[in-house]
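Chain by chain, the residues:
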Amino acid sequence: MKAAPQAGPLQPASLPGIAPPPKYKRYAGWIVLIAILIACSIRTEVTPYQLITGLPQMGGLLAEMFPPDWSYLPTIWAPMMETVQIAVLGTSLGGLLAIPVALLSASNLRVSRFVSLPVRMMLNLVRTIPDLLFAAIFVAVFGIGPFAGMLALVFFSFGIIAKLTFEAIEAIDPGPLEAMSAVGGNRLQIIRYAVIPQALPYFMSYLLYTFEVNVRAAAVLGLVGAGGIGLLLDRSLGLFRYDRACIIILLTLVIVLIIDYGSALIRRRLL
């Protein structure tokens, strides 16, 4: 007796009701994508020729950055710690402000549209403004210093965390919400016993991710006078002390790697 032929993996064409897209559609899609890239490159004057002609200048800049000025390390340590502290305060306050806004924005919590729609529009507005513009505005209002940078990161963190958290709330299992409603639980009880246990790990993950981003952002906010290590970085670049700029970049890299490793461990335990 002949052995029955073994069935191979199903191909998209063999699946019932699923037909592969015609080849001309795939080709047309690639052509449109390439045409868009070429048009953007021409419009912005970004060409491979410019990159090639700029490579010698890049090499010269790197040569001036090395070796780093290690004697400058004690000078930048305190501003770097100030940068981390700005990120801690900005992320924490922004995360706290994001919690009630995320709850008011989630559609599955049956919040009135007259409340949720304006709140979502406000979130869109906050996310539209970049952190550097926030920092420039607060520097003009409160003066040069870390307070302006901290406020900029509060608004920046608030927009990101609130957006991601209310999307996570909308994606939670509806079963516990329905069970709490069926036994007569009020809105606060539903949030406490059905929403928070499911959404809290995601909220903490978004908080840690935003903190990582804010450490990098806080190092740049000093370029507009918002305190932190950015002030020294701007000064070093202005004086063409690229060896000092290099040690600032290396220290920032070490701090970011440490924070990234610690955040990954915490997220792994939460999720």
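Here the structure is a predicted model, which means the values were calculated and not measured.

1. Some details on the nonpolar core
Here's step 1: Core analysis: the largest hydrophobic core is formed by 56 residues, its most contacted members being I76, I169 and I248.
Here's step 2: Counting residues per element, this core draws most heavily on helix α8 (residues 187–221), at 13 residues.
Here's step 3: The residues contacting I76, other than those within four sequence positions of it, are I229, L232, I247, I248 and L251.

2. Focus: the environment of N124
Here's step 1: Tracing the backbone through its elements, the reader meets N124 in helix α4 (residues 113–128).
Here's step 2: Separated by 35 residues in the primary sequence, N124 and G159 have C-alpha atoms spaced 7.7 Å apart.
Here's step 3: A polar side-chain atom of N124 sits 2.7 Å from a polar atom in the side chain of R127.

3. Observations concerning unusual backbone geometry
Here's step 1: Backbone geometry places F240, a non-glycine residue, at a positive phi of 60°.
Here's step 2: Summarising the element assignment, F240 is placed in the loop between α9 (229–238) and α10 (242–270).

4. As for the packing of aromatic side chains
Here's step 1: Using the criterion set out here, one finds six aromatic pairs in the structure.
Here's step 2: For the ring pair F134 and F138, a centre distance of 6.3 Å and an interplane angle of 10° mean the geometry is stacked. Here F134 and its partner F138 are both found in helix α5 (residues 131–142), four residues apart, which amounts to about one turn of the helix.
Here's step 3: On the basis of relative accessibility, which here comes to 7%, the residue F134 falls in the buried class.
Here's step 4: Owing to a relative accessible area of 13%, F138 belongs among the buried residues under this scheme.

5. Some points on the side chain of N214
Here's step 1: Topologically, N214 is positioned in helix α8.
Here's step 2: Taking the relative accessible area as the measure of exposure, N214 reaches 0% and is therefore buried.
Here's step 3: Not counting residues within four places of it along the chain, the set of residues in contact with N214 comprises A87, T91, L153, F156 and S157.

6. Focus: the pattern of salt bridges
Once their charged atoms are close, side chains differing in charge can pair, the charge on each being opposite to the other.
Here's step 1: Scanning the model with the defined rule gives three salt bridges in all.
Here's step 2: Measuring nitrogen to oxygen at the nearest pair gives 2.5 Å for the salt bridge that ties R120 to E170. A residue pair is termed long-range when its members are at least 10 positions apart, and R120 in helix α4 and E170 in helix α6 (residues 146–170) qualify at 50 residues.
Here's step 3: In this structure E170 comes out as partly exposed when scored by relative accessible area, which is 29%.
Here's step 4: A salt bridge links R241 to D243, with the shortest nitrogen-to-oxygen separation between them at 3.1 Å.
Here's step 5: Look at R241 and you get partly exposed, because its relative accessible area is 29%.
Here's step 6: The exposure class of D243 is buried, given its relative accessible area of 16%.

7. Observations regarding the side chain of T210
Here's step 1: Topologically, T210 is positioned in helix α8.
Here's step 2: With residues up to four places along the chain from it excluded, the contact list for T210 reads T91, S157, I160 and I161.

8. Details of the environment of A87
Here's step 1: Tracing the backbone shows A87 in helix α3 (residues 73–105).
Here's step 2: Classification of A87 as buried rests on a relative accessible area of 0%.
Here's step 3: Distance from A87 to I76, taken between C-alpha atoms, is 17 Å for residues eleven residues apart in sequence.
Here's step 4: Contact partners of A87, with chain neighbours within four places excluded, come to L153, F211, N214 and V215.

9. Details of the environment of R269
Here's step 1: Examined against the element boundaries, R269 turns out to sit in helix α10.
Here's step 2: Sequence-wise, R269 and P201 are 68 residues apart; in three dimensions their C-alpha atoms are separated by 9.3 Å.

Rules of the game
Each residue is numbered by its place in its chain's sequence as written, counting from 1. In keeping with the model being predicted, local features are shown solely for residues with a pLDDT of at least 70 and side-chain atom pairs are shown and tallied solely at 80 or more, while totals for entire chains, interfaces and linings include all residues. Only hydrogens and water are removed before side-chain values are computed, so all heavy atoms of the structure are retained for them. As used in this record, nonpolar core signifies buried Ala, Val, Leu, Ile, Met, Phe, Trp, Tyr and Cys residues forming a set joined through side-chain atoms within 4.5 Å. Exposure is judged per residue with a 1.4 Å probe applied to protein chains only, and the accessible area is read against the type maximum: over 50% gives exposed, under 20% gives buried, and values in between give partly exposed. Each helix is a run of H or I in the DSSP string that is no shorter than four residues. Each strand is a run of E no shorter than two, and both are numbered from the N terminus. Residues count as neighbours in contact if any of their non-hydrogen atoms are within 4.5 Å of one another. Whenever a nitrogen or oxygen atom comes within 3.5 Å of another N or O atom, the pair is scored as a polar contact, on the condition that within protein one atom can donate a hydrogen and the other can accept it, and that pairs from neighbouring residues in sequence are kept only if both atoms are in side chains. Stacked, tilted and edge-to-face are the three classes applied to pairs of Phe, Tyr and Trp rings, where Trp contributes its six-membered ring and a pair requires centres within 6.5 Å; stacked means planes under 30 degrees apart, edge-to-face means over 60, and tilted covers the rest. By definition, a salt bridge exists where a carboxyl oxygen of Asp or Glu is found within 4 Å of a side-chain nitrogen of Lys or Arg.

Don't take any of this as a statement about function, it's just geometry.
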